Amino acid sequence: MIINSFIENQEPNLYIYNLNLTLTKDVLSQFSGIKHVFLQGSSDRARKFACRLANTTDINQIKNLFSGSSYFGYRVDDILLVSHGMGTTSIMTLLHSLSKVLYYAGSHDVKYIRIGTSGGIGIEPGSVVITETAYMPNLVPGYQISGLGRDVIYPTGMSYDLNQAIFNAQPKNLPFKVVIGNSIAADDFYLGQARFDGAIQTEYSEDDRKIYFSKLKAHNIVNFEMESTALASFCNRAEIEATMIAVTLLDRTQGDQIHATSDELAAYADRVMDVAINYIKSIC
Ligand code: R2B
Ligand code: URA
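Keep in mind that what you see is a predicted model, and the values were worked out from it rather than measured.

J.: Is there a simple way to think about the pattern of salt bridges in this case?
T.: Side-chain pairs of opposite charge can arise whenever the charged atoms involved come near each other. Scanning all chains against the criterion turns up nine salt bridges. Asp270 is the salt-bridge partner of Lys48, the closest N and O atoms lying 3.1 Å from each other. Residue Lys48 is located in helix α3 (residues 43-54), and its partner Asp270 is located in helix α8 (residues 262-283); the two are separated by 222 residues in the primary sequence. A residue is classified by how much of its surface remains accessible, and Lys48, at 40% relative accessible area, is partly exposed. A relative accessible area of 24% means that Asp270 is categorised as partly exposed. For Lys111, the salt bridge identified is with Glu241, shortest N-O distance 3.5 Å.

Structural data, given as structure tokens:
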């Protein structure tokens, strides 16, 4: 990880507002020696993953390290399980805040992996996608940030080595497909993902959407979600190895509504954790 030279030598006891953390020695010690950060949308899922990992260790209690903030974070050995909320703005704020904490704690050799959900495009629901490159909805591979009114597009390729390590760690007999493909980080769940069932009337037709979906196919874009561009661009700039593992809850070429039952959705959510755990076991 590399850090902004402006903050490199800032004083200890810094207050990280978005995590409600004052970086005392004791607080920093909770973040030292971290090797992997798994990022998940909701606090429940981050906690569930932390409990699953803790069950394989002698840790019998996990505690939220970001109490009083909008984010949740749990530590199990050298792994952090953190919630990132929804969308690029939420995850981007977390990535800055968390990376500062990890930097000051001396955890410089760390990998970030988002594990989450997505809408598949032309692939069987329940498949797990490992993202190669994150695209903006206009089909540009990159992430545009407007700083001081200037638009800059940053690269959004995920880590090739990490993707291969995750893919190769999966047993051959998994009851679902794991594919490496490209993802779109949309601005929202509805119009941003070419749905017709949002609250606002669409300005596109079924035919327009068919054309859009065929363009996605041509770019090997296999799922929609809402954070990958921010994650990839941030990690490329900070030189942090990163990727995303996302299960598809539906096939968007077949419709807009998610029809999976709550049990099916829970089983789908477990799949991304299974894939992540297979990877962790492979490097132990
Ligand atoms: C996937 O699912 C969420 C929307 O329901 C969003 O955070 C994402 O990327
Ligand atoms: N998450 C998304 O962003 N889109 C979907 O269709 C499903 C989950």
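J.: Is there a simple way to think about the side chain of Arg195 in this case?
T.: With respect to the helices and strands, Arg195 occurs in the loop between β10 (178-185) and α6 (206-218). Buried charge Arg195 goes without a salt bridge, the closest partner of opposite sign being Asp197 at 4.1 Å. Of note is the side chain of Arg195, whose polar atom sits 2.8 Å from the backbone oxygen of Phe189. Discounting residues that sit within four places of it in the chain, Arg195 has contacts with Phe189, Tyr190, Thr202, Tyr204, Arg209, Leu250, Arg252, Asp256 and Ile258.

J.: Even after reading the chapter, I still don't get the packing of helix α4 (residues 88-104) against helix α7 (residues 228-238), so can you show me in this structure?
T.: Describing two packed helices takes the angle between their axes plus the distance from one axis to the other. The geometry of α4 relative to α7 is characterised by a closest axis approach of 8 Å and an angle of 30° between their N-to-C directions. The orientation of α4 with respect to α7, classified from their angle, is roughly parallel. The chirality of how α4 crosses α7 is right-handed. Residues Thr88, Ile91, Met92, Leu95, His96 and Ser99 of α4 lie in contact with α7, whose contacting residues are Thr229, Ala230, Leu231, Ser233 and Phe234. Of the residues that constitute the contact of α4 with α7, the class distribution is six nonpolar, five polar and no charged.

J.: Sorry, what's going on with the site of ligand 1 here?
T.: Around ligand 1 sit Met86, Arg114, Thr117, Phe189, Glu225, Met226 and Glu227, and that is every residue in its neighbourhood. Between an oxygen atom of ligand 1 and a main-chain N or O atom of Met226, the distance comes to 2.8 Å. When ligand 1 sits alone it has 270 Å² of accessible area, and the protein chains cover 82% of it. In terms of residue class, the shell around ligand 1 is made up of three nonpolar, one polar and three charged.

J.: Before we go on, may I ask you to explain the pairing of β10 in this structure?
T.: In summary, the side chains of a regular strand alternate between the two faces of the sheet. Counting buried residues in β10 gives six out of eight residues, a clear majority hidden from the surface. Sheet topology note: the strand β7 (residues 128-135)/β10 ladder contains six bridges and is parallel. If you follow Ala134 over to β10, its bridge partner there is Ser183. Summarising the sheet, β10 and strand β11 (residues 221-225) pair through four bridges and their orientation is parallel. Bridged to Asn182 within β11 is Ile221.

J.: Looking at this structure, how should I read the confidence of the model for the protein?
T.: Where the model shows low pLDDT, its predicted coordinates should not be examined in detail. Within the protein, residue pLDDT values average 97, and 100% of them lie at 70 or more. The element-level mean pLDDT for the protein is lowest in helix α1 (residues 5-8), coming to 88, with β7 highest at 99.

J.: Sorry, what's going on with the packing of aromatic side chains here?
T.: Here a ring pair, both rings aromatic, is described through the centre-centre distance and the interplanar angle of the planes. Taken as a whole, this structure holds seven aromatic pairs when the rule is applied. Aromatic side chains Phe38 and Phe49 sit 5.4 Å apart centroid to centroid with 75° between the ring planes, which places their arrangement in the edge-to-face category. Residue Phe38 is found in strand β3 (residues 36-40), and its partner Phe49 is found in helix α3; the two are separated by eleven residues along the sequence. Measuring from centroid to centroid gives 5.3 Å for Phe196 and Tyr204, while their planes differ by 65°, and the two rings are edge-to-face. Residue classification places Tyr204 among the partly exposed positions, given a relative accessible area of 23%. Members of the aromatic cluster, connected to one another through ring pairs, are Tyr212, Phe213 and Phe224. Directly above the aromatic system of Phe189 lies the positively charged group of Arg195, at a separation of 3.8 Å from the ring centroid.

Calculation notes
Residue numbers here run from 1 along each chain, matching the order of that chain's written sequence. By the order in which they are written, chains take letters starting at A while ligands take numbers starting at 1. pLDDT decides what is reported in this predicted model: residues at 70 or higher carry local features, side-chain atom pairs at 80 or more are listed and counted, and totals for whole chains, interfaces and linings draw on all residues regardless. As a rule here, side-chain values cover all heavy atoms of the structure and leave hydrogens and water aside. For salt bridges, the criterion is a side-chain nitrogen of Lys or Arg within 4 Å of an Asp or Glu carboxyl oxygen. Helix and strand definitions here come from DSSP, where helices need a minimum of 4 consecutive H or I residues and strands a minimum of 2 consecutive E residues; each element is numbered from the N-terminal end. Relative accessibility decides the category of a residue: with a 1.4 Å probe and only protein chains considered, values under 20% of the type maximum give buried, values over 50% give exposed, and everything between is partly exposed. Under the convention used here, Asp and Glu are negative, Lys and Arg are positive, and both His and the chain ends fall outside the count. Polar contact is defined as a pair of N or O atoms within 3.5 Å, subject to the rule that within protein one atom must be able to donate a hydrogen and the other to accept it, and that residues adjacent in sequence are counted only when both atoms are side-chain atoms. By definition in these notes, contact holds between two residues if any of their heavy atoms fall within 4.5 Å. Here an angle of 0 to 180 degrees is reported between the N-to-C directions of two axes, which are lines fitted to C-alpha atoms, with helices fitted over the stretch in contact. The scheme is simple: roughly parallel for angles under 35 degrees, roughly antiparallel for over 145, roughly perpendicular for 65 to 115, oblique for anything else. Each crossing gets its handedness from the near helix: less than a right angle anticlockwise from the far helix is left-handed, clockwise is right-handed. Three residue categories are used. Nonpolar comprises Ala, Val, Leu, Ile, Met, Phe, Trp, Tyr, Cys and Pro, charged comprises Asp, Glu, Lys and Arg, and polar comprises the others, including Gly. Whether a residue is near a molecule or strand depends on its heavy atoms: if one lies within 4 Å, it is near. For the accessible areas, the method is Shrake-Rupley and the probe is 1.4 Å, while residue cover comes only from the protein chains on display. One bridge is not enough; two strands pair if DSSP finds at least two bridges between them. The predictor's confidence in any single residue is recorded as pLDDT, a number from 0 to 100. The criterion for an aromatic pair is that two Phe, Tyr or Trp rings (for Trp, the six-membered ring) have centres within 6.5 Å, with stacked assigned to planes under 30 degrees apart, edge-to-face to planes over 60 apart and tilted to the rest. Whether a charge sits over a ring comes down to the Lys NZ or Arg CZ being within 6 Å of the ring centre and within 35 degrees of the ring normal.

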